[in-house]
Amino acid sequence: MALRRAAAKGSGTLALTRGVLTRAGPPRPRGPLPRTPWTTRGPPPDVLAQAVERLPVREQVELDTITYAGRQHFMPGLARPQFPPWDRGWHDPWHCRGPRYEDMPLRKDRSCFVCHQKVRMLEGVRQAQWLTKTKLVQGLPPSVQSIIDNPAHQLQDYEEGVKRAVWHARLWNTTETAPEREHYCPVLFEDLMHICRLMSAKYPSLAKRMLARNYRIAATWERESALFQVRGQNGILMNSMAPIPPVASKEEVLATEENVLETFHPISPTIDLQEVIVYRELNDTGFKEGYPYSHPHTVFFVESANNYPQRFRPEQLRAKMLMFAFGNALAKARVLYGNDPKVLEQPVVVQSIGTDGQLFQFMVFQLNTTDLVSNDGIKNMVWIDSDQNLYENALCVPEVKKRVVLPLKALVCLQPARQGPSKYILSPVQAGMIIFLG
């Protein structure tokens, strides 16, 4: 209040603006600026040139970077010290820097498309057919089908064992209400393999085979100016001491020259394959020389992923089976006949069985040629019997009908055979065992 009274009694040179004592002056113009040569035509050229003229660059003086190296601990505001590489004076294989990727002696500029066990092919079997130059035949081969239709090879005695295998996997092996796929699928596979081993007394050739787990395969080939490779761990491989005889006759092999491979343009055949730089183009069966069980017989794939996004669909599983059956056959053919592409005198046959715990996929692959660059000439052959249900359903929770609780055994409905003299023979298990017998 004293300041306001002083400002009111003063000569008018001071004014109070928002509580701040300022010196009074002429009022600011509220309208547009007056029309002058500067406001209408801009500043004169000489004044404009002085404003645009660049000032001389000030000479920069190099300053020493101050780091926290002398303090031996981090200090905010100081630069990070750069120390020279420490020379131990001896070669330590665990703490040594290798050369850069570009300076590696085996470095190649050509990339390779790799198919491993986690690759999901978008086009499924069609894409695998193009990559392996293969002709598809629906159903099992006539030689295998004739064995299935032979009454001497019927498997009525093992039906009860198959039922117990399903009950063991889905009902007895866990205390949970509903077992997950990653638990019951491997158990079912092991039980079915045990049933197959029980037939060794009737078929002595079964004793000349061996199962191999966690082995690694590597097979490399060229296809239309692109390099492909199948490598890594895959399913469980059964090796035998003697190779599987050819399934198709020579006339059927020669007839594959007229077959035209299906394309899926504009989708690239290399879609979903991993593009990497391969330093060594290996062709390895995964076993050392001199291994008595040196011939690949059957590759088993157990799809036990419990989560649906991680699970292979049946079409993707069949494509994976075809690629790895081809890889095992190609690696064995390179060992027998060399790396030169040519038509094989004795085709290499590899079988494959895949399951997700209920659906079974059966496949027989015959490698006729290793010349895979072009689409012309003789092609390989594959027979696929797909989507065979081992059982219709397996309910883990008892069902109540008309106030009667049905037992769990009655809720496992096995799928009957589609053909054969006995309606109680299981078609998937029978076909699988016959393929196992080979």
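Residues numbered from 1 in each chain as written. Predicted model: local features only at pLDDT ≥ 70, side-chain atom pairs only at ≥ 80, totals over all residues. Heavy atoms only, no water.

J.: Quick question: what am I supposed to make of the nonpolar core here?
T.: As a rule of thumb, nonpolar side chains are buried together in soluble globular proteins. Core analysis: the largest hydrophobic core is formed by 43 residues, its most contacted members being M121, W221, L273, M323, F365 and L367. In terms of residue count, helix α9 (residues 314–337) provides more of this core than any other element does, 12 residues in total. For M121, the contacting residues outside a window of four places in its chain are C115, Q127, A128, L131, D272, L273, Q316, A319 and M323. Within the second largest apolar cluster, 23 residues are counted, among which are V162, A165, V187 and L188. (Core = buried A, V, L, I, M, F, W, Y, C linked by side-chain atoms within 4.5 Å. Buried < 20%, exposed > 50% of the residue type's maximum accessible area, 1.4 Å probe, protein only. Helix = DSSP H or I, 4+ residues; strand = E, 2+ residues; numbered from the N terminus. Contact = heavy atoms within 4.5 Å.)

J.: I would appreciate a short explanation of the sheet that holds strand β5 (residues 209–212) in the present structure.
T.: Two modes of strand pairing occur in sheets, parallel and antiparallel, and in both the strands are linked by backbone hydrogen bonds. Taken together, seven strands build an open sheet; the order of strands is β4-β13-β12-β11-β10-β8-β5 and the sheet is mixed. Edge positions in the sheet fall to β4 (134–138) and β5, since each of these pairs with one other strand and no more. Averaged over neighbouring strand pairs, the angle between their axes works out to 20° when direction is ignored. Two strands pair when backbone bridges link them, and β4 and strand β13 (residues 380–389) are joined in this way by five bridges, in the parallel orientation. Within the sheet, the bridge partner assigned to T134 lies in β13 and is N380. (Pairing = 2+ DSSP bridges. Axes fitted to C-alpha atoms, helices over the stretch in contact; angles between N-to-C directions.)

J.: Looking at this model, I keep getting lost on unusual backbone geometry. Mind explaining?
T.: For residues besides glycine, phi is generally negative; the peptide bonds are generally trans as well. Of note, the bond from H265 into P266 is cis; its omega dihedral lies within 30 degrees of zero at 10°. Residue placement: P266 occurs in the loop between α8 (250–255) and β9 (274–276). With a phi close to 55°, D387 is a non-glycine residue in the positive phi region. Judged by its relative accessible area of 40%, D387 is partly exposed.

J.: Even after reading the chapter, I still don't get the side chain of D92, so can you show me in this structure?
T.: The residue D92 is located in the loop between α3 (45–52) and β3 (112–115) in this model. In terms of polar contacts, D92 uses its side chain to reach the side chain of H95, at 2.9 Å. (Polar contact = N/O pair within 3.5 Å; in protein donor to acceptor, adjacent residues only side chain to side chain.)

J.: Got a minute to help me understand the packing of helix α6 (residues 159–172) against helix α7 (residues 181–197) in this structure?
T.: Between two packed helices, what matters for the description is the angle formed by their axes and the separation of those axes. Interhelical geometry of α6 versus α7 gives an angle of 160° and a closest axis separation of 8 Å. Viewed along their axes, α6 and α7 adopt a mutual orientation that is roughly antiparallel. Handedness of the α6/α7 crossing: right-handed. On α7, the residues touching G161, V162, A165, V166, H168, A169 and R170 of α6 are Y184, V187, L188, D191, L192 and I195. (Parallel < 35°, antiparallel > 145°, perpendicular 65-115°, else oblique. Left-handed = near helix turned anticlockwise from the far one by under 90°.)

J.: Looking at this structure, I do not really get the pairing of β13. What am I missing?
T.: The two faces of a sheet get side chains in turn, since along a regular strand they alternate between them. When you tally the buried positions in β13, you get seven out of 10 residues, the bulk of the element. The sheet contact formed by strand β12 (residues 359–369) and β13 spans seven bridges and is antiparallel. When the bridges of β13 are listed, F360 appears paired with Q388.

J.: Sorry, what's going on with the sheet that holds β3 here?
T.: Spatially, four strands are ordered β6-β7-β3-β9 in an open sheet, and the strand pairing comes out mixed. On the outer flanks of this sheet lie β6 (216–223) and β9, each paired with one strand and no other. The average undirected angle you get between the axes of adjacent strands in this sheet is 30°. As paired elements, β3 and β9 share three bridges and run antiparallel to each other. In the strand pairing of β9, F113 is matched with E275.

J.: Before we go on, may I ask you to explain the packing of aromatic side chains in this structure?
T.: Here a ring pair, both rings aromatic, is described through the centre-centre distance and the interplanar angle of the planes. The tally for this structure, following the rule as stated, stands at 12 aromatic pairs. Taken together, a centroid distance of 5.6 Å and an interplanar angle of 20° make the contact between Y215 and F287 stacked. One end of the pair, Y215, is in the loop between β5 and β6; the other, F287, is in the loop between β9 and β10 (295–302), and 72 residues separate them in sequence. Take F287: its relative accessible area is 22%, and that puts it in the partly exposed class. Centroid distance F287 to Y291: 5.0 Å. Interplanar angle 10°. Geometry classified as stacked. Chaining the aromatic ring pairs together yields one cluster made of F113, W221, F228, F326 and F365. We note R170 situated over the ring of Y184; from NZ or CZ to the ring centre the distance is 4.1 Å. Sitting above the plane of the W130 ring, R223 keeps its charged end 4.4 Å from the centroid. (Phe/Tyr/Trp six-rings, centres within 6.5 Å; stacked < 30°, edge-to-face > 60°. Lys NZ or Arg CZ within 6 Å of the ring centre and 35° of its normal.)

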